[in-house]
Amino acid sequence: MAERLVVLSDMWGAKKGLWITSYLGYLQQHFDIVFYDCQQLADINLIVDTEKNIHNEFVKEGGIDVAVAHLLKKEEGQAPSRYLAFSMGGTIAWKAALKGLPMKSLYAVSPTRIRLETEKIACQHTLVYGANDQYKPGEEWAGKLKTKMEVIPGFGHELYSDEKMIKKVCKELLENVIKKQFQD
């Protein structure tokens with residue numbers, strides 16, 4: 001039986017997420033995938049989908065908290081799963097883990113607002129950022145939380161949509177699952 005992988009989109013959800021199909025294509029034969037559109041989790045339904053409007057809905061209008069609550073409710077009763085999350089989705093997953101979401105691991109690419117968090121999540125986690133990402137936490141933050149970040153030179157915030165990064169992330173997720181299968 002395939003291991004369960006929960007995938008959380010970036011703030012654009014499925015609307016601008018054609019890149020997400022590449023991840024799903026690589027991973028679907030090895031995982032039982034559940035996909036959540038972060039805009040849907042946050043009950044965001046804007047007439048004008050600008051970056052500023054979406055960001056305001058998540059940050060200033062409480063969308064992050066709504067998304068965390070909905071994720072916790074949707075995942076209630078599930079066994080701990082692996083999570084793959086992008087940008088705002090990484091923030092939602094981190095906050096949900098702090099509130100008790102059963103999580104085996106979190107692989108978060110460019111999680112935006114975890115730089116404001118003061119608590120580390122209890123599960124194994126991988127944080128990946130582009131060196132030019134204006135939203136990445138500083139080394140001081142990582143030191144305080146005793147966590148590691150992988151910083152990829154030459155990339156900005158949306159590195160997760162680049163085909164090279166898609167292959168890298170999928171390869172690492174698959175390697176972790178294969179290692180675990182041979183250890184059991």
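Since this is a predicted model, take the numbers as computed values, not measurements.

## Considering the packing of helix H4 (residues 63-74) against helix H5 (residues 88-98)
- Running from N to C, H4 and H5 point in directions that differ by 60°, and their axes come no closer than 9 Å. Taken as axis vectors, H4 and H5 run oblique relative to one another. For H4 against H5, the interelement crossing comes out right-handed. Along the contact surface, H4 presents Ile 64, Ala 67, Val 68, Leu 71 and Leu 72, while H5 presents Met 88, Thr 91, Ile 92, Lys 95 and Ala 96.
- A class-by-class count of the residues in the contact of H4 with H5 yields eight nonpolar, one polar and one charged.

## Remarks on the environment of Lys 104
- Among the secondary structure elements, Lys 104 is positioned in strand S4 (residues 103-109).
- With relative accessibility at 37%, the residue Lys 104 sits in the partly exposed group.
- On a C-alpha basis, the gap between Lys 104 and Ser 9 in space is 19 Å, while along the polypeptide they are 95 residues apart.
- Setting aside residues no more than four positions away along its own chain, Lys 104 makes contact with Glu 3, Pro 80, Ser 81, Arg 82, Cys 123 and Gln 124.
- Polar contacts involving the side chain of Lys 104 include one to the side chain of Glu 3, which spans 2.9 Å.

## A closer look at the environment of Leu 5
- Within the fold, Leu 5 resides in strand S1 (residues 3-8).
- Beyond its immediate stretch of four places on either side in the chain, Leu 5 contacts Leu 27, Phe 31, Asp 32, Ile 33, Val 34, Arg 82, Tyr 83 and Leu 84.

## As for the packing of aromatic side chains
- Taken as a whole, this structure holds six aromatic pairs when the rule is applied.
- Each residue in the set Trp 19, Tyr 23, Phe 86 and Tyr 160 is aromatic and connected to the rest through ring pairs, giving one cluster.
- Lys 16 extends its terminal NZ or CZ atom over the ring of Trp 12, reaching a point 4.0 Å from the ring centre.

## As for the pairing of S1
- Within S1, six of the six residues are buried, which leaves the element mostly enclosed by the surrounding structure.
- The two faces of S1 match: Glu 3, Leu 5 and Val 7 on one face and Arg 4, Val 6 and Leu 8 on the other face are all buried.
- As paired elements, S1 and strand S2 (residues 31-36) share six bridges and run parallel to each other. Counterpart to Leu 5 in the pairing with S2 is Ile 33.
- Bridge count between S1 and strand S3 (residues 81-86): four bridges; the pairing is parallel. Residue Val 7 lies in a different strand from S3, and its bridge partner there is Leu 84.

Conventions we followed
Residues numbered from 1 in each chain as written. Predicted model: local features only at pLDDT ≥ 70, side-chain atom pairs only at ≥ 80, totals over all residues. Heavy atoms only, no water. Axes fitted to C-alpha atoms, helices over the stretch in contact; angles between N-to-C directions. Helix = DSSP H or I, 4+ residues; strand = E, 2+ residues; numbered from the N terminus. Parallel < 35°, antiparallel > 145°, perpendicular 65-115°, else oblique. Left-handed = near helix turned anticlockwise from the far one by under 90°. Contact = heavy atoms within 4.5 Å. Nonpolar A, V, L, I, M, F, W, Y, C, P; charged D, E, K, R; others polar. Buried < 20%, exposed > 50% of the residue type's maximum accessible area, 1.4 Å probe, protein only. Polar contact = N/O pair within 3.5 Å; in protein donor to acceptor, adjacent residues only side chain to side chain. Phe/Tyr/Trp six-rings, centres within 6.5 Å; stacked < 30°, edge-to-face > 60°. Lys NZ or Arg CZ within 6 Å of the ring centre and 35° of its normal. Pairing = 2+ DSSP bridges.

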